[in-house]
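One-letter residues, chain by chain:
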Amino acid sequence: MKKKKTVYKHIRSWVLQLILVALLSASAAGILYITTLAGKIDTRFAGRLWDLPSKVYSDTTLLYTGQTISHRLFREKLDRLGYRQVDRPPEKAGEMRFSNTAIEIYLRPFQAPYFEQKSGPVWIGLKGNRISDIISGDAGSKTPVLELEPEELMLYFGPDRERRELVSIRNLPPHVLHAVLAAEDYRFYHHRGIEIKAILRALATNLRKGEISQGGSTITQQLAKNYFLSPERTLSRKLKELLITGILEYKFDKDTILEMYLNEIYFGQEGSVSINGIGQAAQFYFDKPAAALSVAEAATIAGLIKAPNRYSPYKNRTQCKQRRNDVIDAMHKRQWLTAEAHEGEKARPVTPAGYRDYHQQAPYFMDYLTQQLSTLYSRKDLSREGLSIFTTIDTQVQSAAEKALNAGLARLESINPKLKRKNPEGKLQGAVIVMQPKTGYIIAMVGGRDYGISQFNRAAQAKRQPGSAIKPFVYLTGLDRYRPPSRLSNEPRTYMINGRPWRPKNYNPLASPVVTFREALAFSHNIATVNLALDIGLTHIAKTFRSFYLPAPETPYAAMALGALELDPLSLARAYCVFAADGVLPYPLSIKEVAGEDGHILENRHATIERLIPATKAYMINNLLRSVVLDGTARGAKRLGVNWPVAGKTGTTNDSRDAWFIGYTPNLLAVVWVGFDNGDSIMASGASAALPIWADLMLSLPQYVSGEWFTMPSGIETIEVCSETGMLPNPGCCPGVTREIFLSVNRPTTQCRQHDCPTRLEKIWKGFKDIVPGF
C-alpha cells in the first residue's frame with residue numbers, strides 16, 4: 001500500500017513538472033512572440049508610415065491684360081482643375097462662372113516652392129477673345145497678370161495604387177473627430193483598445209440577424225487590422241489583431257492612434273485608385289481640405305468607413321444620406337451636437353463635388369518625363385516619397401496638339417481611303433512637339449495617335465528621315481560664301497557616288513535651271529541644294545550637323561544634304577530652336593522643379609543654353625525660311641488661316657514615307673511628323689499632310705500668337721540690288737531692283753556688270769538705230 005502511494009506521488013510530481021515546463025515554455029514563446037511583434041511594429045513605425053505617390057504637375061498658366069485666349073481650351077483647363085460651373089457669382093473656392101463678357105473664378109489655395117496662390121475671387125473681363133481686365137481679391141483691385149495654379153497630371157502609384165493626403169489631428173476641427181468617433185468608436189478615449197461590451201453587442205446582433213453585420217472592433221483594432229494584417233477572417237489573425245492592439249495602446253497615446261487611423265482608413269475608389277485617409281477623402285468627395293469640412297460633410301465621410309462603396313454619394317445618394325444622418329444622430333446622442341444643430345444638419349442635402357475618374361494626361365510626355373526622372377529617382381521612391389514634380393507642360397497646348405494631330409490624320413484618311421488600315425497597330429501615325437525656343441521647355445509632346453494601342457513615343461524615339469527639313473542646316477553652312485540672291489545651278493545632272501551614278505530630282509520637275517539661294521531653299525529644290533552642298537564641302541556640312549547634335553555620317557555623302565539620314569523629331573525640334581532663339585541652342589527641359597513631401601526643393605532645373613551661331617546668321621535663316629511660308633512650299637499656310645509672321649520648312653522623303661513641317665515664331669516652335677511605322681508611303685507631302693496639322697494647332701493657341709517677328713540684329717543690312725544678278729544696281733540700267741538682306745561681312749560691294757549703263761556715244765548710237773531700224 002505504501003508502495004502504491006509512492007508511485008502515485010511520483011506520477012503527480014512528474015505531471016506537475018510537465019505542466020510547469022509547458023506553461024513556462026508557452027509563456028516564454030508568448031513573450032518571445034510579443035517581443036518579436038513589438039519589434040516589427042517598432043521597425044514599421046521607425047520608417048515611412050505610408051507610401052505617398054509622387055504628383056506630377058503641369059506648368060502654371062499666365063494670364064495678362066491684352067492677351068488673346070481660346071474660350072474652349074481655357075474652359076477645358078478649368079474643368080480639369082476641378083472648378084465647378086455655377087449660375088451665380090462664385091462664392092466658394094473651386095467655383096467658376098463663364099459668360100461672353102467675363103470669366104469669374106474663386107481660386108483655390110495652392111502652395112509650391114516657386115508659386116503661391118491664395119484663395120479668393122478673380123474677375124477676368126473679356127472683349128471677344130481678348131482679356132480686357134483682371135480684377136482680383138475681395139477688394140477688387142486691378143492686376144495686370146494672373147498666374148493660375150498648375151494641373152495635377154499624374155501620380156506615381158505603388159502596386160496598391162493608393163491616393164492619400166496626410167493630415168495632422170491638430171488641424172482638424174472637433175466636429176470632424178466627433179463624427180468619426182460617433183460612427184466607429186465613441187468610447188475610444190475611455191478603453192484600452194478592446195471593448196468587451198462592443199464585442200458582445202456585435203455578437204448578439206450578428207446572432208439575431210443570422211449574418212455578420214457588426215464587427216465590434218475599436219478604432220485601435222481596426223488600425224491593427226488595416227495596417228498590419230491581411231483581411232482574412234481566421235482565429236489566428238484575430239489573436240494577432242488583439243496582440244497588436246495591446247501593443248499599440250501600450251506604445252502610443254490616443255491622439256497618435258487616432259491620427260494614424262484617420263490617415264490609414266479606406267474611403268472608396270476613384271476608378272482603379274483607392275482613396276485612403278480622411279484628407280484625400282475630403283478632397284475626393286467635397287473638393288476641400290479635411291479641416292474645412294462642415295458637420296454634415298464630416299458625418300458623410302465618417303459614415304463611409306462602414307462600407308465606402310455602399311454609402312458613396314457617387315453611387316447612392318439616398319443610402320448615403322441615411323447613413324450620414326445615423327452618424328449625426330450618434331453625434332447628438334453623445335452630446336457632440338446640440339439639438340438645434342442636429343436638426344439643421346440632418347436637413348441638409350448631400351452635395352458631393354462631382355465624380356472625377358483618375359485619368360492620366362499627356363501619356364507620351366509622362367513616359368518621356370519618367371525616363372528623365374529615372375536618372376534622379378527610382379520607381380520605388382517615386383511611388384512612396386510623396387514628391388511634387390513640376391513640369392514644363394502647358395496643358396492647353398498639349399490638348400490642342402492632340403486634337404490637331406488626331407483630326408489631321410483622320411482628314412488624310414478621309415481624303416485618301418488607301419491610307420486606312422484595319423489593324424489598329426498599323427494605322428497612319430504622327431507626332432507633335434511644341435517647344436519654347438529660348439528656354440528649351442517642352443510644352444507639348446504627342447508621340448502617337450492612341451497611347452492605348454501603341455506606347456511607342458514617335459516624338460522622342462522614332463528614327464525617321466527628315467527629308468528637306470534638314471536643308472536649312474546646309475544653307476546655313478553656305479552663308480559665309482553665298483548670299484540670298486546668289487545663283488545656283490538647278491539643272492539635272494548625274495553624280496558618281498562610290499562608283500555608282502546618282503541623279504537627284506526636284507519635287508517639281510518644271511523648276512528653273514538657275515535659281516537663287518533664297519528660291520532654292522524656299523521651293524526646296526534638290527538639285528540646287530546638292531550643287532550647293534558639293535560646292536561648300538560635305539565635310540563642312542557634316543560638321544554643322546554635329547554641332548547642332550544632329551546625326552552625321554563619318555564619311556559624308558551628298559544625299560545627306562537632302563535628308564537621307566535618320567533622326568528623331570525631338571532632336572530636329574531642338575536644332576531648329578537655334579534659329580528661333582537668335583543662335584542659341586537650348587537643352588530640352590521637361591522638369592522645372594522637384595519638391596519633397598515637406599515642400600523643400602530637391603531639384604531645380606534652369607534653362608541650359610549654348611551659343612552655336614551668331615544672331616546674324618540665325619536671322620538670315622529665319623528670313624529665308626519666311627520665304628518658304630510666304631512664297632515657297634508652305635505658302636498654303638495663309639490659305640489655312642496663318643496670317644501672322646512665321647518661319648517654316650516642309651520635308652518629304654522618298655516615296656512620301658515621311659511628311660514634316662517645322663514652323664516657328666520668336667515665342668513658339670512646333671514640329672509635326674506624319675508617316676506609317678512600317679515605312680509605307682503616305683502619298684502626300686509635308687505641305688499637304690503635316691502643314692495643315694501645324695496650322696490647326698497654331699490657330700488653337702491665340703495666346704501664343706503675338707504677331708511679332710524677329711528683331712534684326714546689328715551686322716545685318718538691307719540694301720537694294722539688281723533683281724537679276726544680286727549685285728549693286730546700276731540706277732536706270734538694271735531691269736529691276738529689289739531689297740534684300742545680307743550679312744554685313746558678306747554684302748555685295750561691286751556694281752552689276754551684266755547691266756552696265758551705256759556710254760553717251762552708245763546711247764546716241766542706240767537712239768539712231770531705234771529711228772532707223774535695220775541700219
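Residues numbered from 1 in each chain as written. Predicted model: local features only at pLDDT ≥ 70, side-chain atom pairs only at ≥ 80, totals over all residues. Heavy atoms only, no water.

1. Here we look at the pairing of strand E17 (residues 429-435)
Of all seven residues in E17, seven are buried, a share of seventy percent or more. In E17, alternate side chains face the same way, and those of Gln429, Ala431, Ile433 and Met435 on one face and Gly430, Val432 and Val434 on the other are all buried. For E17 and strand E29 (residues 669-675), the ladder comprises seven bridges, and the chain directions are antiparallel. Within E29, the position partnered with Met435 by the bridge is Leu669. Two strands pair when backbone bridges link them, and E17 and strand E18 (residues 442-446) are joined in this way by four bridges, in the antiparallel orientation. Across the sheet, residue Val434 finds its bridge partner in E18, namely Ala444. If you look at the hairpin formed by E17 and E18, you'll find six residues sitting between the two strands, and Gly440 has a positive phi there, around 80°. (Buried < 20%, exposed > 50% of the residue type's maximum accessible area, 1.4 Å probe, protein only. Helix = DSSP H or I, 4+ residues; strand = E, 2+ residues; numbered from the N terminus. Pairing = 2+ DSSP bridges.)

2. Re unusual backbone geometry
The residue Arg161 is not glycine, and still its phi comes out positive at about 50°. Following the sequence through the fold, Arg161 ends up in the loop between strand E12 (152-156) and strand E13 (162-164). Positive phi is not limited to glycine here, since Met683 has a value of about 55°. Positionally, Met683 belongs in the loop between E29 and helix H22 (686-699). What makes Met683 partly exposed here is its relative accessible area of 43%.

3. A closer look at the side chain of Glu249
Relative to the assigned elements, Glu249 resides in helix H6 (residues 235-251). Its relative accessible area of 6% is what places Glu249 among the buried residues. With residues up to four places along the chain from it excluded, the contact list for Glu249 reads His191, Arg192, Gly193, Thr220, Lys254 and Ile257. (Contact = heavy atoms within 4.5 Å.)

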